Amino acid sequence: MKNRQYDCNYGCPVDATLDVIGGRWKGVILFHLLSGTKRFNELQRLSQGCTQRMLTLQLRELEADGVVRRKVYAEVPPKVEYSLTELGQSLEPIVLLMRDWGEQYINRLNQQKQLSGDESA
């Protein structure tokens, strides 16, 4: 788990936001949970390249921050589902803006790549 400052002395509000949603996989996890409850294996499939250990750590941090809810069913084998809390749902506009920005950035990179390829021809 990450080290936390419990006295709430963040340098700025962006620092507080990044403390909760920062990290390689948290945005991806939040994005996929926007569409509804997911089981661990489903999240792992959707988060291509994320190891089981890393996904577990990121989910634990999001749960500790009150953004993700973990529900364990008393079954064999155990069934665990993850969903967004009300606080987590409030991140939807931020996550969707991150998606939109990412799409624009990818398009820009692809255009630059095409231009570079055209010049070398």
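Residues numbered from 1 in each chain as written. Predicted model: local features only at pLDDT ≥ 70, side-chain atom pairs only at ≥ 80, totals over all residues. Heavy atoms only, no water.

A. Geometry of the packing of aromatic side chains. This model, assessed by the stated rule, comprises one aromatic pair. Ring centres 5.1 Å apart and planes at 10° place the aromatic pair W101 and Y105 in the stacked group. Note that W101 and Y105 are positioned in helix α6 (residues 92–120) at a spacing of four residues, about one turn of the helix. Here the guanidinium or amino end of R24 rests over the ring plane of W25, the centre of that ring lying 4.1 Å away. The positively charged end of K79 is found above the aromatic ring belonging to Y73, 4.7 Å away from the centroid. (Phe/Tyr/Trp six-rings, centres within 6.5 Å; stacked < 30°, edge-to-face > 60°. Helix = DSSP H or I, 4+ residues; strand = E, 2+ residues; numbered from the N terminus. Lys NZ or Arg CZ within 6 Å of the ring centre and 35° of its normal.)

B. Looking closely at the sheet that holds strand β1 (residues 38–39). Pairing within the open sheet is antiparallel, and its three strands lie in the order β1-β3-β2. Each having just a single partner strand, β1 and β2 (68–73) make up the two edges of the open sheet. Sheet topology note: the β1/strand β3 (residues 79–84) ladder contains two bridges and is antiparallel. The partner of R39 across the bridge, within β3, is E81. (Pairing = 2+ DSSP bridges.)

C. Geometry of the pairing of β2. Strand direction decides the pairing type here: β2 and β3, joined by six bridges, are antiparallel. Bridging from a neighbouring strand, V68 pairs with L84 of β3. Hairpin connection from β2 to β3: five residues lie between these consecutive antiparallel strands.

D. Quick peek at the layout of surface pockets. Its volume calculated, the largest pocket comes out at about 300 Å³. Around the largest pocket sit 14 residues that line it, and R24, G27, V28, F31 and M98 are the ones nearest its centre. Looking at the lining of the largest pocket element by element, the count peaks at four residues for helix α2 (residues 26–33). The residue makeup of the lining of the largest pocket, split by class, is seven nonpolar, five polar and two charged. (1 Å grid on protein atoms, 1.4 Å probe; cavity = no way out; pocket = protein on both sides within 12 Å on 5 of 7 lines; lining within 4 Å. Points joined across faces, edges and corners; volume = space filled by probe spheres on them. Nonpolar A, V, L, I, M, F, W, Y, C, P; charged D, E, K, R; others polar.)

E. Structural context of the nonpolar core. Membership of the largest hydrophobic core comes to 18 residues, with the highest contact counts inside it found for I29, L30, L33, L55, L59, V68 and Y82. Residues within four places of L55 in sequence aside, it is in contact with I29, F40, L43, Q44 and C50. (Core = buried A, V, L, I, M, F, W, Y, C linked by side-chain atoms within 4.5 Å. Buried < 20%, exposed > 50% of the residue type's maximum accessible area, 1.4 Å probe, protein only. Contact = heavy atoms within 4.5 Å.)

F. Spotlight on the environment of V67. With respect to the element layout, V67 can be found in the loop between α4 (52–64) and β2. Owing to a relative accessible area of 2%, V67 belongs among the buried residues under this scheme. In this structure the C-alpha to C-alpha distance between V67 and L18, which are 49 residues apart in sequence, comes to 13 Å. Apart from the residues within four sequence positions on either side, V67 is in contact with V20, L30, L62, S83, L84, T85, L87, G88 and L91.

G. Structural view of unusual backbone geometry. The omega angle of the peptide bond from V76 to P77 is -5°, so this bond is cis rather than trans. Looking at where P77 falls in the secondary structure, it is placed in the loop between β2 and β3.

H. Main features of α2. Of all the eight residues making up α2, six are buried; the element is thus mostly covered by neighbouring parts of the structure. Three or more residues of α2 are buried, namely K26, G27, I29, L30, H32 and L33.

The quantities given are spatial measurements derived from coordinates; they are silent on function.
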